Amino acid sequence: MASFYEIQSKGSQVAQKGLFKRVLACGEIPGVFLFCWLDAQGHLAHYQLLYDEQVIDWKAGQGFVHAWTNRRSDGVGQQIGLAKGSRSLELAEDPEGRAQGMSLLGQASFPAPFDQLIGATLN
């Protein structure tokens, strides 16, 4: 099971557009992160699971979408992560990739309060 822990930063204490960004990292799988945006009352508004340069993106009232980052390349002889700089997302038509991300979310262990917040989106 993948266990996540919260990365403490000063940035998580600063609201942007009324939301606080919190970042969790996976202890067992390098490069797997969960970015969460919460309102002042602690309600989950948005999160993104980043894994293998793919993203499961959830927004309150909209549900889930699966995307690839601009750093992902399935080209021959290229490796994931070669592109540098900020990531952009491109919607993906990849049922296996989406299933992989959803499975990771469903089986992962998150610290409180994220365990209940993420779990509620999966039910």
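Residues numbered from 1 in each chain as written. Predicted model: local features only at pLDDT ≥ 70, side-chain atom pairs only at ≥ 80, totals over all residues. Heavy atoms only, no water.

1. Considering the overall build of the chain
Moving on, step 1. Looking only at helices and strands, the chain has two helices and eight strands in total.
Moving on, step 2. Ordering the α and β elements of the chain from the N terminus gives β-β-β-β-β-β-β-β-α-α.
Moving on, step 3. With 123 residues in all, the chain has 35% of them scored as buried.
Moving on, step 4. Taking the contacts inside the chain whose residues are at least 6 apart along the sequence as the reference set, 38% of them involve residues at least 24 apart.
Moving on, step 5. Summed over all atoms, the accessible surface of the chain reaches about 7500 Å², with 51% contributed by carbon and sulfur. (Helix = DSSP H or I, 4+ residues; strand = E, 2+ residues; numbered from the N terminus. Buried < 20%, exposed > 50% of the residue type's maximum accessible area, 1.4 Å probe, protein only. Contact = heavy atoms within 4.5 Å. Areas by Shrake-Rupley, 256 points an atom, 1.4 Å probe, with all protein chains shown as cover.)

2. Digging into the pattern of salt bridges
Moving on, step 1. Scanning the entire structure with this criterion turns up one salt bridge.
Moving on, step 2. We note a salt bridge from Arg-22 to Glu-6, for which the minimum N-O separation is 2.4 Å. Of this pair, Arg-22 sits in strand β3 (residues 19-26) while Glu-6 sits in strand β1 (residues 4-7), and the two are 16 residues apart along the sequence.
Moving on, step 3. On the basis of relative accessible area, Glu-6 is assigned to the buried category, the value being 18%. (Salt bridge = Lys/Arg side-chain N within 4 Å of Asp/Glu carboxyl O.)

3. Section: unusual backbone geometry
Moving on, step 1. Cis peptide bonds are those with omega within 30 degrees of zero, and the linkage from Ala-112 to Pro-113 qualifies with 0°.
Moving on, step 2. Note on placement: Pro-113 falls in the loop between α1 (95-107) and α2 (114-122).
Moving on, step 3. Even without being a glycine, Asp-52 presents a positive backbone phi close to 50°.
Moving on, step 4. Along the polypeptide, Asp-52 turns up in the loop between β5 (44-51) and β6 (54-59).
Moving on, step 5. A relative accessible area of 34% places Asp-52 in the partly exposed class.
Moving on, step 6. One non-glycine residue, Glu-53, adopts positive backbone phi at about 55°.
Moving on, step 7. Note on placement: Glu-53 falls in the loop between β5 and β6.

4. Remarks on the confidence of the model for the chain
Moving on, step 1. Here the chain shows a mean pLDDT of 88. Residues at 70 or above account for 88%.
Moving on, step 2. Within the chain, the element-level pLDDT minimum falls on strand β2 (residues 15-16), averaging 84, and the maximum on α2, averaging 97. (pLDDT = per-residue confidence, 0-100.)

5. Section: α2
Moving on, step 1. For α2, the set of buried residues is Phe-114, Leu-117, Ile-118 and Thr-121. Across the axial projection of α2, the buried residues extend over an arc of 90°, all falling on one side. Across from the buried face of α2, at angles greater than 90 degrees, the exposed residues are Gln-116 and Ala-120. (Arc of directions from axis to C-beta.)

6. Points about the packing of aromatic side chains
Moving on, step 1. Under the defined criterion, the tally for this structure stands at four aromatic pairs.
Moving on, step 2. Between Tyr-47 and Trp-58 the ring centres are 5.4 Å apart and the planes differ by 20°, which places this aromatic pair in the stacked class. Linking Tyr-47 in strand β5 with Trp-58 in strand β6, this pair joins segments that are eleven residues apart in sequence.
Moving on, step 3. With relative accessibility at 0%, the residue Tyr-47 sits in the buried group. (Phe/Tyr/Trp six-rings, centres within 6.5 Å; stacked < 30°, edge-to-face > 60°.)

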